[in-house]
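Per-entry structural report
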Amino acid sequence: MITKRIGGVIGTAVAALLVVGCGGNGAAPGDEPTTKSDFSFALASDPSCINPRVAGNNDGAYPARQLVDSLTDQDPETGRIVGWLATKYAVNSAATRFTFTLRDGVTFSDGTAFDATSVKQNFDEIVRNGAEQPQSLQFLAGYQRTVVVSDRVARVEFSEPNAQFLQATASHFLGMLAPSSLKTPPADRCAGHLVGTGPYTLDHYTKNTEVVENRRNDYRWGSSLWDNKGAALSAKLIFKVIPESGVRTGALKSGQVDAIGGVPPQDEAGLKSSGFTLQSRPNPGQVFSLVANEKSAIGRDTAVRQALSKAIDRQAVVKAVLSPSYHPATSTLARTTPGWTDLSSELTVDQAAGRKLLDRAGWKVGPDGIRTKAGKRLQLKSYWSTNFNPNQAALELIQQQAKAVGIELDLNSTPIGELQAKLKTGDFDLSWGNSTRPDPDILRNVYWQNGNAAYGITDPKLIKSLTAQQETIDQRRRSGYAAQAQKIIVQQAYGIPVFELTTVLGLGQHATGIRFDSYSRLQFHDAKATEG
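Residues numbered from 1 in each chain as written. Predicted model: local features only at pLDDT ≥ 70, side-chain atom pairs only at ≥ 80, totals over all residues. Heavy atoms only, no water.

With that settled, the discussion passes to the pattern of salt bridges. What the rule picks out here adds up to 18 salt bridges. With a closest N to O distance of 2.8 Å, Asp-427 and Lys-381 form a salt bridge. Placement of the pair is Asp-427 in the loop between helix H12 (419–424) and strand S22 (430–436) and Lys-381 in strand S20 (residues 379–385), with a sequence separation of 46 residues. On the accessibility criterion, Asp-427 (43% relative accessible area) is partly exposed. Several salt bridges converge on common partners, so that one network encompasses Arg-97, Arg-145, Arg-155 and Glu-157. (Salt bridge = Lys/Arg side-chain N within 4 Å of Asp/Glu carboxyl O. Helix = DSSP H or I, 4+ residues; strand = E, 2+ residues; numbered from the N terminus. Buried < 20%, exposed > 50% of the residue type's maximum accessible area, 1.4 Å probe, protein only.)

Below you can see the structure in the form of structure tokens.
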């Protein structure tokens, strides 16, 4: 049994928080700057759904996170699990029982007390409505029950080891909702009926326009990572939906908003030179990668996958399409992920070696430079989603690099909400994307999913490494299994890592206090803007 009053180390992460720019003009000597009552932030897309159970994209997660608190929090610099709604936790050696001792005096915004029964109600509801909220259900594999030991102690029990659950309790997906919210169907919580213990309450969400939230003046139970554990600094948060990047940047420059998300790489230098602050952090989890479909004839050809990996000049992609805020992949996990292993020496460009691999595998160069074998063209049907603006330019450059070794990438775009349905058909060779989570278990979810992943992985060594992470709470052993999984994925090119996603914000000259959490998502508890 491991018991922690403050938190337990889950691994070492290299967390990068970069702040550049002039940061704004100070007040004249003797003047006290006046803090604005509201803080406005421009989202790069409509949130679609702000129910924390399903808000997986940044623009949905940002407003959702301010409404709910979690049992634990995770230090973005160390990966350590620390207290929030729970003051301490205990995990048995089999990773099947997780016991949480809860804070006193916490209430939901409708006045209902938060206690051990609330914890039970929340986890029971996730499982009961799991088909409608798979983003949360994934963390509760093998869930049996939550035992209310006392008003202040809840014990969550699983039928099988579930070591990753502890980290999941720090996510907004498992944030605590009031009984009044839990009675509402999950789909109806996408735009309302959200009552949490968080520092803000929902005023309204108007699709494609804005999300407005109001401060809870009685809030007193902030995360143990926060200096200010009381009420938030701004009385109102206004999330404005501004999809056009140029208009979003213009809104920041003109003072219409205090900060913006989704700063495009081409706008970074201009904002910095104009005296605005850029705040950035690489997203943890699976980096942007091409993941092969082992169910397709070409996708399961190891030589093809390895040759494609060697064809890609990752540094050239970052330099041409992105900005200095971004970094080439050094593994299938980002550097900010606990358990990350540096495999950069195996991810260098070597197109000559790629050609040799294809030659030995019997792929012959055709008249147009694309290889064929037994009459079949070396064309890889590849799906990608339009949720990240530079995706198309990056893939078109990778397409050119692949052609240099005789591989043709057939690029097909699809909205992010339709990508999984496309992959479930099995009619693809490659899928492009990333997945954010500050825990190496993200690899099990992407590549295996207990045999339900779209990619058809059957490699027993990889499956063993991915599943073994679930079975131990020994963090050195977990990191060892994660390292094995990363090496297998990279060496066998089941996934071909290209670059790390970085979240880049632009802050106005009088805006401060936005904090990155361990997911590289945002906490606005201390966000404020002063009058210029």
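Excluding glycine, a negative phi dihedral is what most residues carry, and trans is how most peptide bonds are arranged. Phi angles above zero are rare outside glycine, and Ala-95 is one such case at about 60°. Position of Ala-95 among the secondary structure elements: in the loop between strand S6 (86–91) and strand S7 (97–102). Looking at Ala-95, the relative accessible area reads 0%, which means it is buried.

The next thing to look at is the UniProt feature "domain: Solute-binding protein family" (unreviewed entry) in the protein. Feature annotation in UniProt places "domain: Solute-binding protein family" (unreviewed entry) on residues 81–451, given in this structure's numbering. End C-alpha atoms of residues 81–451 are separated by 29 Å, and the span's content is 26% helix alongside 25% strand. (UniProt positions renumbered as here; feature names shortened; annotations may be inferred.)

Applying the stated criterion across every chain, the model contains 1 disulfide. What pairs with Cys-49 in a disulfide is Cys-190, and their sulfur atoms sit 2.1 Å apart. Of note, the bridge from Cys-49 to Cys-190 carries an S-S torsion of about -85° and is left-handed in sense. Of this pair, Cys-49 sits in the loop between strand S3 (38–43) and helix H1 (58–65) while Cys-190 sits in the loop between helix H5 (179–182) and strand S10 (200–206); the two residues are 141 residues apart in sequence, bridging distant segments of the chain. (Disulfide = S-S within 2.5 Å.)

Here the focus is the domain arrangement of the protein. As assigned here, the protein comprises domain 1 (38–281 + 505–530) and domain 2 (285–500). Taking only C-alpha atoms into account, the centre of domain 1 sits 30 Å from that of domain 2. Between domain 1 and domain 2, the residue contacts involve 21 residues of the former and 21 residues of the latter. Both faces combined, the contact of domain 1 with domain 2 buries some 1,700 Å², and carbon together with sulfur accounts for 52% of it. Joining domain 1 to domain 2, the criterion identifies 0 salt bridges. (Domains from an automatic or database assignment. Contact = heavy atoms within 4.5 Å. Buried area = accessible area lost by both parts, 1.4 Å probe.)

Right, let's get into the packing of helix H6 (residues 245–253) against helix H7 (residues 265–273). Interhelical geometry of H6 versus H7 gives an angle of 15° and a closest axis separation of 11 Å. In terms of their interaxial angle, H6 and H7 are classed as roughly parallel. Along this stretch, H6 crosses H7, giving a crossing that reads as right-handed. Counted together, Ser-245, Thr-249, Leu-252 and Lys-253 of H6 and Gln-266, Asp-267 and Leu-271 of H7 form the full contact between these two elements. (Axes fitted to C-alpha atoms, helices over the stretch in contact; angles between N-to-C directions. Parallel < 35°, antiparallel > 145°, perpendicular 65-115°, else oblique. Left-handed = near helix turned anticlockwise from the far one by under 90°.)

Bringing the nonpolar core into the picture now. Core analysis: the biggest nonpolar cluster contains 49 residues, and Leu-290, Leu-308, Ile-398, Ile-407, Trp-432 and Phe-499 have the highest contact counts within it. Counting contributing residues per domain, this core is built from domain 1 (38–281 + 505–530) and domain 2 (285–500), each supplying no fewer than three. One finds Ile-81, Tyr-143, Ala-163 and Tyr-219 within the second-largest nonpolar core, a separate group that totals 37 residues. (Core = buried A, V, L, I, M, F, W, Y, C linked by side-chain atoms within 4.5 Å.)

Summed over all chains, the structure comprises 24 aromatic pairs. Taking the centre distance of 6.4 Å and the plane angle of 75° together, the rings of Phe-100 and Phe-165 count as edge-to-face. Taken together, the residues span a long stretch of sequence, with Phe-100 in strand S7 and Phe-165 in helix H4 (residues 165–168) at a distance of 65 residues. Residue classification places Phe-100 among the buried positions, given a relative accessible area of 1%. (Phe/Tyr/Trp six-rings, centres within 6.5 Å; stacked < 30°, edge-to-face > 60°.)

This paragraph deals with the environment of Lys-461. Tracing the sequence through the fold places Lys-461 in helix H14 (residues 460–468). Each C-alpha atom, one on Lys-461 and one on Ala-485, is 8.2 Å from the other, the two residues being 24 residues apart in sequence.

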